[in-house]
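Structure at a glance
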Amino acid sequence: MASDAPAGTDVDYRGLLEAEREDLRAQLAELGFGESGGLKYDPNFADSSQVTAERGEVEALAGQLRDALEEVEAAIDRLEKGTYGICEVCGQPISPARLEAKPAARRCIACASRQ
Ligand SMILES: [Zn+2]
């Protein structure tokens with residue numbers, strides 16, 4: 001299969017990102033969240049304080065998943081625009097090791113650790 005990896009690397013970042021996107025979407029769907037957000041209301045579980053507490057945790061988790069999904073989608077967008085792998089703070093290339101560990105990384109390790 002042909003790879004969209006940037007020149008000089010043999011890593012299929014698009015494949016990694018698309019796999020991560022599918023994984024995040026599946027996790028959100030499992031929690032009852034659609035891609036657009038919003039919990040599917042289940043009337044059978046209404047009016048239970050335990051469920052309300054659990055729902056709060058689920059919503060927090062879903063929020064994290066949605067944030068991660070946005071990062072992944074933004075990275076796929078950068079791949080399409082040809083700006084993938086460039087630190088958005090300093091404009092330097094992000095190291096391949098960092099991208100392999102975190103394909104959706106927006107910043108190089110130096111800028112990320114300066115936060
Ligand atoms: Zn940087």
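Residues numbered from 1 in each chain as written. Predicted model: local features only at pLDDT ≥ 70, side-chain atom pairs only at ≥ 80, totals over all residues. Heavy atoms only, no water.

**With respect to helix 1 (residues 13–30)**
With 18 residues, helix 1 extends 25 Å from end C-alpha to end C-alpha; this agrees with the ideal 26 Å at 1.5 Å per step. Buried within helix 1 we find Tyr13, Arg14, Leu17, Arg21, Leu24 and Leu28. Looking down the long axis of helix 1, one finds its buried residues gathered within 95° of arc, a one-sided arrangement. Note on helix 1: the residue one or two positions beyond its end, Gly32, has a positive phi of about 95°. (Helix = DSSP H or I, 4+ residues; strand = E, 2+ residues; numbered from the N terminus. Expected span 1.5 Å × (residues − 1). Buried < 20%, exposed > 50% of the residue type's maximum accessible area, 1.4 Å probe, protein only. Arc of directions from axis to C-beta.)

**Regarding the nonpolar core**
If you look at the biggest cluster of nonpolar residues, it comprises 21 residues, and the most contacted ones within it are Leu17, Leu28, Val72, Tyr84 and Leu99. Looking at this core, the elements that each hand over two or more residues are helix 1 and helix 2 (49–81). Considering each element in turn, this core owes the most residues, seven residues, to helix 2. Excluding residues that lie within four positions of it along the chain, Leu99 makes contacts with Tyr13, Tyr84, Gly85, Ile94 and Ala105. (Core = buried A, V, L, I, M, F, W, Y, C linked by side-chain atoms within 4.5 Å. Contact = heavy atoms within 4.5 Å.)

**Digging into the coordination of the zinc ion**
The protein atoms that coordinate the zinc ion are Cys87 (SG), Cys90 (SG), Cys108 (SG) and Cys111 (SG), at distances spanning 2.2 to 2.3 Å. With four donor atoms in place around the zinc ion and angles of 104 to 117° between them, the coordination shape is tetrahedral. In primary sequence terms, the donor set of the zinc ion follows C-x2-C-x17-C-x2-C. Placement of the pair is Cys87 in the loop between helix 2 and helix 3 (96–101) and Cys108 in the loop between helix 3 and helix 4 (109–113), with a sequence separation of 21 residues. In this structure Cys87 comes out as buried when scored by relative accessible area, which is 2%. By relative accessible area, Cys108 is classed as buried at 11%. (Donors = N, O, S within 2.8 Å, 3.2 Å for Na, K, Ca; no water. Tetrahedral: all angles 85-135°; square planar, octahedral: opposite > 155°, others 65-115°.)

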